[in-house]
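What the coordinates show
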Amino acid sequence: MEAQTKKRATRKAGNNQGSKSEQTKTVEKVENVPQIQLLGIDSVFPDPDQPRKTFDEQSLNHLEQSIAEHGVLQPITVRKSDEGFIIVMGERRYRAGKLAGLTTIPAMVRDYRDTEILEVQIIENLQRKDVEPTEEAEAIQFLLDRYEPGEIAKRLGRSENYIRQRIKLAGLIEGFKAFIRSGEMTLSLGVAVALFEPGEQLMLLESLEDEFQEHRIKRMIESRTFDLSKAPFGLSDKTLLPKAGACHTCPFNAANQGNLFGDGKMVCTRTSCFENKKTKTFMQLLKSVKKEGLKLVPNINKYRVDEERNQWVMAQMEKEGLAVHLTNGLDILKEPIEPTMNHIREEHRHYEYTEEELGEFLKEALESFTEEKEAWDKAVDLGFEKGILLETDTYLTRPVFVKVREETHSGSSGTKALEQRKMSECTPEEQIIKINTRELRKKQIENNNQFKEVVDMIRETDYINLKKPLSTDEMVAIAISLFENNIGYYSQREHFGEFFGEDSKLSDGERVARFKQGFKKETLYKLLRFLLTRQVHLGESNHSNDLTNRSFYVAMQSFYKEKILGIEKSYTEKRQKREERIKERVASLERQAKILEG
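Note that this is a predicted model, so its numbers are computed, not measured.

**Regarding the sheet that holds strand β4 (residues 84–89)**
Here we have five strands laid out as an open sheet, ordered β1-β5-β3-β4-β2, and mixed in their pairing. Two strands in the sheet have a free side with no partner beyond their single neighbour: β1 (36–40) and β2 (44–45). Of the strand pairs in this sheet, β1 and strand β5 (residues 104–109) are connected by five bridges, and their pairing is antiparallel. Among the inter-strand pairings, G40 is bridged to a residue of β5, identified as T104. The strands touched by helix α3 (residues 91–99) within the sheet are β2, β3 (76–81), β4 and β5, with β4 carrying the most contacts at an inclination of about 125 degrees.

This is the structure:
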């Protein structure tokens, strides 16, 4: 970056030194202003080095029609060459003129140096509204060798952030540029991909196998970028990693590359640095809690204890001589947050509760908050001690009060819960239990990973675009998914009491097999119709201003037309009476206004 800055400064110095001699030339040009000439169109040729490569065919046709009717209203600019004249500005008018059958074209002949020609062409092209984004990015990158981004922005009448985004876009490798030119990839996604080095971009492109897959690109970007607003360390801390410095001023912070993600969003694009800072923050935390005598509580329960990340965290705590407690062996008090009506609405946004019912929920929530706040304030008196709850994936922390549960186990070698003890502290029988528990957990993790891999594989295939009718297995899967994930407990009991039948003793596999055996399409229809009646939007939305509601309203006409007409008639009569009263009131006010004017 320093080399680039020096390079630009040298060029600028050269430009400034040459400006005086150019001023003399300018005076001469004023005395000899180029006149508009009519040149034979066959003596005029496009510049092969013109940076503009694409011309919109429809736009050219419109211009052709205008020129055929009115002629070329604005002359093109050309320079002399051995074979005639080369276009500097106005190739679009030239092309449209040829399409319109012109034999001559108005032009101004000017003298330019080669570097001036290219710069003039670039700036002229960039001031158009229909410039193709990747061409625009490459052109701005060319200007970057001569001017700072702020100067380019002024010359083009654009914001500096716009220019910086295009500069970043110029760093895309050709395969991704093709996706942008075809309209498959958005500019914002292109800028996000351009944050990575060309080698990383190439690996990402090759993994797509020549097919644009937005969800895969987004997933890969998310795995390589970090939202700095959720960082566990201070963004202005220069000492945490001295070589990298503070995140606020780091060039790998997207906010310092031209606000690439908008709204000043700070996103780290350097994985190794972010992870290094996270680790140093965690190691500093260990020393801090040890020094201050606080209890550090990693958010790990007995089901997550064998995950690699959690094993590493616990090992580091033990190295520092800190006791490791799993969360299910502790009573933990988190500072309560006072609920508001907005919180209640957000919590119950998927349900159709009245304002009165929401008010009751708020009342209950406030009662709970009062109890929790009282417990928080008296935590030390209740035997709790100050602690810090640590999220082991992000290393984010929050203050808590904790108390170790006193549990005794007959035959055990201590008072600590079994999952909290090392193998050497357990009896042979307890060791067998721990071994079997760990193996069971490992199988569960393996099954989780296996299922995720299958889902990811299917999402990357063309499955959703299949033209075949749904199979029975697919309809069974849809019905169970809707029942389990979209229908509340009370609605399940009220409307779908016999959905699975008596299945308390069956495994999940057996339940699915039995459900498939007795499956009827009518079951799926009933689920869909139930959801259709529940997923309309009430409140300020209705059948006249909401697409979902309108489609529902139309669909119900074929079933309950007479009843709907009756309701419509009732509202129409009320509306007409109200409108009549309004008319009378307005007429009365108008008469009063006339009297006052007279």
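**Looking at the pattern of salt bridges**
Inspection of the entire model under this criterion finds 18 salt bridges. A salt bridge links E385 to K295; its shortest N-O distance comes to 3.7 Å. Placement of the pair is E385 in strand β10 (residues 385–390) and K295 in strand β8 (residues 295–298), with a sequence separation of 90 residues. For E385, a relative accessible area of 36% gives the class partly exposed. Each of E136, R158 and R166 takes part in salt bridges that share partners, so that together they form one network.

**Topic: the environment of P48**
Note on placement: P48 falls in the loop between β2 and α2 (57–70). Here P48 falls in the exposed class, since its relative accessible area comes to 69%. For the pair P48 and I87, spaced 39 residues apart in sequence, the C-alpha to C-alpha distance is 9.6 Å.

**Here we look at the environment of F361**
Here F361 is to be found in helix α15 (residues 355–377). It is 7.1 Å that separates the C-alpha atoms of F361 and I344, two residues lying 17 residues apart in sequence.

Cut-offs and rules
Residues numbered from 1 in each chain as written. Predicted model: local features only at pLDDT ≥ 70, side-chain atom pairs only at ≥ 80, totals over all residues. Heavy atoms only, no water. Pairing = 2+ DSSP bridges. Helix = DSSP H or I, 4+ residues; strand = E, 2+ residues; numbered from the N terminus. Contact = heavy atoms within 4.5 Å. Axes fitted to C-alpha atoms, helices over the stretch in contact; angles between N-to-C directions. Salt bridge = Lys/Arg side-chain N within 4 Å of Asp/Glu carboxyl O. Buried < 20%, exposed > 50% of the residue type's maximum accessible area, 1.4 Å probe, protein only.

These figures capture arrangement, not role.
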